[in-house]
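In case you want the letters, here they are:
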Amino acid sequence: MKPRICRRRGPRNQCWLRFCITAVCCAAVISNMTAVEGQSTGSSSNNATVVVNIGVILDLNRTDFVGQVGLSCVEMAVSEFYDSHPDYTTRLAIATRDSQRDVVLAAASAALDLIKNVQVQAILGPETSMQANFLIPLGEKAQVPIISFSASSPTLASIRSPYFFRATQKDSTQVNAIAAIVKAFGWRQAVPVYIDNAFGQGIVPSLVDSLDAVDARVPYRSAISPSATDDQIGQELYKLMTMQTRVFVVHVSPHLAARLFAKAKEVGMMSAGYVWIVTDGITDFLSSVDPSVLKSMQGVLGVKPHVPQTKEVIDFRARWKRKFRQDHLNSYGLWAYDATVALAMAVEKTADGGGATNFSFVNNDSSSTDLESIGVSSNGPNLARELSRTSFAGLSGDFAMEEDGELRASAYEVVNVNGNGARVVGFWTRGEGLARERMMMMMTNSSDVRAKLGTVIWPGDPGAVPRGFEIPTSGKKLRIGVPVKSGFSEFVSVTTDLETNKTSVIGYSIDIFEAVVQALPYALPFEYVPYAKPNGESAGTYDDLVYQVFLGNFECMIADTTVIANRSNYVDFTLPYTESGVSMLVPVKPNGSKNAWSISKDFRGPPSHQVGTSLWFSFSTMVFAHRENVVSNLARTVVIIWCLVVLIITQSYTASFTSLLTVQRLQPTVADMNELLRKGDFVGYQDVSFVFGLLKRLGFRDDRLVPYKNSEHCNSLFNQGKIVAAFDEVPYIKLFLAKHCSKYMMTDPTYKADGFGFVFPKGSPLVADISRAILNVTEGDKMTKIEEAWFGKKDRCPESTTSTVSSGGQLGLNSFWSLFMIAGVAAVSALCIFTVQFVYEYRKLMSPQVDDDSQSKPSFWGRLLNLLKTFDNKDLECHTFRGDRVGDQNEVRLASLNVMSPSMYSVHTEFPVDSTQTLSPSMGSSSELHDNTIAQEVAIISIDLHPDSDGEGLVATANDEITRH
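Bear in mind the structure is a predicted one, so any value in this text is a computation, not a measurement. (Residues numbered from 1 in each chain as written. Predicted model: local features only at pLDDT ≥ 70, side-chain atom pairs only at ≥ 80, totals over all residues. Heavy atoms only, no water.)

Now, about the packing of helix α17 (residues 508-518) against helix α27 (residues 781-791): what can you tell me, with residues and values included?
α27 packs onto α17 with a crossing angle of 160° between their chain directions and a minimal axis gap of 10 Å. By the criterion of interaxial angle, the relationship of α17 to α27 is roughly antiparallel. Relative to α27, the crossing made by α17 is right-handed. Taken together, the residues of α27 that come into contact with α17 (itself represented by Tyr-508, Asp-511, Ile-512, Ala-515 and Gln-518) are Lys-782, Met-783, Ile-786, Glu-787, Trp-790 and Phe-791. For the contact of α17 with α27, the class distribution of residues is seven nonpolar, one polar and three charged. (Axes fitted to C-alpha atoms, helices over the stretch in contact; angles between N-to-C directions. Helix = DSSP H or I, 4+ residues; strand = E, 2+ residues; numbered from the N terminus. Parallel < 35°, antiparallel > 145°, perpendicular 65-115°, else oblique. Left-handed = near helix turned anticlockwise from the far one by under 90°. Contact = heavy atoms within 4.5 Å. Nonpolar A, V, L, I, M, F, W, Y, C, P; charged D, E, K, R; others polar.)

Listed below in structure tokens is the structure:
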């Protein structure tokens, strides 16, 4: 039958035969290829080299720059490496698989096929971090190293597989360079704009941490879907426009970046004031994008790894351009080249003289698709170990793996899109930070950003550095929360007009804030929003309002808000605009030292000082008692000086003592806080204030703390005796004392606080500008005018009147009763003592004896009269009269009469005469004895001087008289 068929259908038989022959040939070819790929080792009869299968998994789409460039560089690396190392006994055989832009399925199936069927010893790739996240466990199970030169997500490091090697810089390295740029220009906020997949999400935590390290906050995170339409991108951009932040960090794929910046230019976000910073995933492809995309990205800043332009790099770029007819070689291609070279070097080191057993798989079942049947590479651990040890000078720089399988960090370039490309404006390294030139990094220590970076062209306005935020944003005003309080309304007062329902906010803090806003270099529209319930009552404490700012319900809080540590954990404070601190307020009482026994402070002190002071006063009294006649001019000069000294000293002590008696001195009724704690007294504090917590920490019990709402309430509590002291912040106490200055005083201790400040959300860019404006206001006279307007002048006391101030300072008899008492006691005592002594000495005069002449006894009044006469006579033996004697008892010497002064025209002298001495007859004599008492005789000579008859001289005439006592 077959021959008949053949004869009937000859032409068809020929076709079938041809088909069979062709199929057999193809089968033979396929079988041969499978044998080559399937065997673990192969050898050449000529050079005896070992062929080692290596897999490559990339996205080979024509529009994918990473996959196309990466594969071309891998192939060139294999060819050029073995051309320069012909003596190597191993050869890499590349088995390529296309991941087809699939996230998981295509890449995972490709890896499974390479491991089970081709038995590759290592895999170069995959391209994306999401694919690598699935391939790493597969490679670890088969002990096949996975080497990726483009998967940069930091989340891959958390897998910690010894068989994963990243031959590229991870994204957590470049975020430090971005944070350095933000810090250099003083921007306080930045918004990440990232693609919503593993590639984009992986950089966000590292970026937020790096920005936080330079005091820059992330107020919002903008995630864009990989499949987002232009309208969806526009909606997200409009949302960003309504925010204050104008600094955006973009981390998306190059294809999505082109659409994003085109839309941003369309909506007006590439104008003046905006800042755009792109990561290396975009910067590396700026040379290959369409010119229209570059036109929409003018002024954009970017970072990318620094590749030294060595001779090897320049030559390789030229060879690559000639071979592939392209000029878009990027950093990923250089990393792919270096990763292939590192793998070839490691494979050579693991070979044992060309044996084939080292590159085999064990327990490998190629017919099964079960993952459990995957074989294990015998050479995998050795290859992984050699890869971690491999280091050389590659095209991308020094190639060396860290212990965790990460490529050692390199420097980054800071580029600026301008014109038809991007130009380098600076460099960044981990140790030195930013610098304009690569070789100047070690020498650049200046804080000036112009010294660290070159000239930057900004979007819209090439010369002006953007502030990083913009106010207003789409007509939106700054919502300022103000508290509703019943006490101390001088600081903040909220009133509502019931007829118009219009709210008015005034006060010291409000005036300060409005003065600060006027000092800003830009307009700041704002509106006050009372923190109150619908019925107008307060909605909470100051801490509650601070927390509302933290939640974002208010963008600012203006009030007499004290800067304390607990609040600073949730919000940022500006510099304080007034002093603060917590002190104690107590009533005053007159100082007990102003009484009848006030003693000069000069007589106080140690005993030695008191004795010295007493001797000095005694000595000075003797020296300054100048009763003697002073004749010499020199002596008069000395006496005048000493009189002046005595006058100054006397007046000084007089003034000091006068001040001690007349100046009103007050002292507190409570000595210190420990006295309050010891006695358990009641203490007042301002309601809804943080002082309550402070007092509890100091040891006061809750039942001893009494709240008050305002200064009048506090004064009432003092007057009623319900509290003995009050603790409050210094500004409130000063305001209280301005009204009640004569009855209270502020005493120590003072617990430090940072003062009153304005509250803003964490990382608000307004904090720095507001703080600088506060300094301008507080250093000028405007601050003084505001204080006087609300608190009055500091030296003004409304309660002070003339009677009040001087009531305790008037001097009267009662002020000196002690002196009068001492003087009176001394005088009476002296009189009594003298009387007793005199009566005792002349007691015989009072005795009732018979008179010899009258032979009768004198009466009592007669004896008393004799006693008084005796008292009235001069006692010449007294010290006073002994000092007045001139000359001796026998002669009187007259002064020379050559030059006479008027005081010498009449000279009287008295001297006693001894009872045994005989007086001159010319002068007369007599002696009387009474009761055996010897009377004293006194010779008185009166010498009168008068001119003679010729008028040319003086004549002295002496008259004598003897008196008896």
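Would you mind going over the confidence of the model for the protein in detail, with residue names and values included?
Any residue range with low pLDDT should be treated as having predicted coordinates unsuitable for detailed reading. Averaged over all residues, the pLDDT of the protein equals 77, while 70% of them reach at least 70. Below a pLDDT of 50 lies the segment residues 960-965, which in the model reaches 25 contacts outside its immediate sequence neighbourhood of four places, other chains included. (pLDDT = per-residue confidence, 0-100.)

Mind laying out the sheet that holds strand β2 (residues 90-98), listing which residues take part and the relevant values?
The parallel open sheet is built from five strands, whose spatial order is β2-β1-β3-β4-β5. Since the sheet does not close on itself, it has two edges, and those belong to β2 and β5 (164-166), each with one partner. Across the sheet, the mean angle separating the axes of adjacent strands is 25° when strand polarity is ignored. The sheet contact formed by strand β3 (residues 122-124) and strand β4 (residues 146-148) spans two bridges and is parallel. By the bridge assignment for β4, Ile-123 is matched with Ile-146. (Pairing = 2+ DSSP bridges.)

Quick one: what's the story with the packing of aromatic side chains, residue by residue and with numbers?
Per the counting criterion, the structure on display carries 35 aromatic pairs. Members of the aromatic cluster, connected to one another through ring pairs, are Phe-488, Phe-491, Tyr-508, Phe-513, Phe-526, Tyr-528, Tyr-577, Tyr-732, Phe-756, Phe-758 and Phe-791. When the ring centre of Phe-469 is taken as reference, the NZ or CZ atom of Arg-467 above it lies at 5.3 Å. Its guanidinium or amino end placed over the ring of Phe-682, Arg-704 lies 4.4 Å from that ring's centre, counting from NZ or CZ. (Phe/Tyr/Trp six-rings, centres within 6.5 Å; stacked < 30°, edge-to-face > 60°. Lys NZ or Arg CZ within 6 Å of the ring centre and 35° of its normal.)

Could you give an account of the pairing of strand β9 (residues 275-278), naming the residues involved and the relevant values?
Burial along β9 is two-sided: the face carrying Val-275 and Ile-277 and the face carrying Trp-276 and Val-278 are both buried. Examined bridge by bridge, strand β8 (residues 247-251) and β9 share four bridges and lie parallel to one another. From the neighbouring strand, Val-247 faces β9, where its bridge partner is Val-275. In the classification by handedness, the crossover that spans β8, the intervening helix α10 (residues 254-267) and the parallel β9 is right-handed. Where β9 and strand β10 (residues 301-305) come together, two bridges link them in parallel fashion. Its bridge partner lying in β10, Val-278 is registered against Gly-302. (Buried < 20%, exposed > 50% of the residue type's maximum accessible area, 1.4 Å probe, protein only. Right-handed = clockwise from strand over helix to strand, strands pointing away.)

Account for a nonpolar patch on the surface, with residues named and values stated.
On the surface, Tyr-547, Phe-550, Leu-551 and Tyr-570 cluster together into a nonpolar patch covering about 380 Å² of accessible area. On the secondary structure map, Phe-550 appears in helix α18 (residues 542-551). (Patch = residues over 30% accessible without salt bridge, like charges linked within 9 Å, V, L, I, M, F, W, Y side chains within 5 Å. Areas by Shrake-Rupley, 256 points an atom, 1.4 Å probe, with all protein chains shown as cover. Salt bridge = Lys/Arg side-chain N within 4 Å of Asp/Glu carboxyl O.)

Can you tell me about the environment of Ala-789, naming the residues and giving the values?
Secondary-structure assignment places Ala-789 in helix α27. When the C-alpha positions of Ala-789 and Tyr-508 are compared, they lie 8.5 Å apart, and in sequence the two are 281 residues distant.

Summarise empty space enclosed by the protein; cite the residues concerned and give the values.
Going through the model one piece at a time under the given rule, you end up with three cavities of 30 Å³ or more. Within this model, the largest cavity holds a volume of roughly 50 Å³. If you tally residues by element for the lining of the largest cavity, the top one is helix α14 (residues 331-350), at three residues. A breakdown of the residues in the lining of the largest cavity according to their chemical character gives eight nonpolar, no polar and no charged. (1 Å grid on protein atoms, 1.4 Å probe; cavity = no way out; pocket = protein on both sides within 12 Å on 5 of 7 lines; lining within 4 Å. Points joined across faces, edges and corners; volume = space filled by probe spheres on them.)

Tell me about the sheet that holds strand β16 (residues 421-429), residues and numbers included.
Taken together, eight strands build an open sheet; the order of strands is β7-β6-β8-β9-β10-β15-β16-β17 and the sheet is mixed. Each edge of the open sheet is held by one strand with a lone partner, namely β7 (222-224) and β17 (433-435). On average, each strand axis in the sheet is inclined to that of its neighbour by 25°, with strand direction left out of account. Taken strand by strand, α10 contacts β6 (191-195), β7, β8 and β9, and its axis lies near 175° from that of β9.

Summarise the environment of Tyr-332; cite the residues concerned and give the values.
With respect to the helices and strands, the residue Tyr-332 is situated in helix α14. Residue Tyr-332 is classed as buried on the basis of its relative accessible area, which comes to 6%. Considered as a pair, Tyr-332 and Gly-281 are 51 residues apart in the sequence and their alpha carbons are 9.6 Å apart. Excluding anything up to four places from it in sequence, Tyr-332 contacts Val-66, Phe-149, Ser-150, Thr-168, Asp-280, Gly-281, Asp-284 and Phe-285.

Please set out the pattern of salt bridges residue by residue, giving values where relevant.
Counting across every chain of the model gives 20 salt bridges. Its salt-bridge partner being Glu-470, residue Arg-467 comes within 3.7 Å of it at the nearest N-O pair. When the shortest N-O distance is used, the salt bridge between Lys-734 and Glu-579 registers 2.2 Å. Linking Lys-734 in helix α25 (residues 730-739) with Glu-579 in the loop between β23 (571-573) and β24 (582-590), this pair joins segments that are 155 residues apart in sequence. Overall, Lys-734 belongs to the partly exposed group, its relative accessible area being 42%. Judged by its relative accessible area of 48%, Glu-579 is partly exposed. Bridged by salt links that share partners, the residues Glu-490, Glu-712 and Lys-739 form one connected network.

Provide a residue-level description of the side chain of Ser-296, including the pertinent values.
Within the secondary structure layout, Ser-296 lies in helix α12 (residues 291-296). Note on Ser-296: relative accessible area 6%, which makes it buried. A distance of 2.7 Å separates the side chain of Ser-296 from the backbone oxygen of Val-293, its partner in a polar contact. (Polar contact = N/O pair within 3.5 Å; in protein donor to acceptor, adjacent residues only side chain to side chain.)

Account for the nonpolar core, with residues named and values stated.
Among soluble globular proteins, nonpolar side chains are generally buried collectively. With 53 residues, the main nonpolar core has Cys-73, Leu-124, Ile-147, Phe-316, Tyr-337 and Leu-343 as its most contacted residues. Contributions of two or more residues to this core are made by β1 (50-58), α3 (65-84), β3, α13 (311-324), α14 and α15 (380-389). A per-element tally of this core places α14 first, with 13 residues. Leave out the neighbours within four places in its chain, and Tyr-337 touches Cys-73, Met-76, Ala-77, Glu-80, Phe-316 and Leu-395. Counting 46 residues, the second largest nonpolar core, distinct from the first, contains Ile-512, Tyr-708, Val-777 and Met-783. (Core = buried A, V, L, I, M, F, W, Y, C linked by side-chain atoms within 4.5 Å.)

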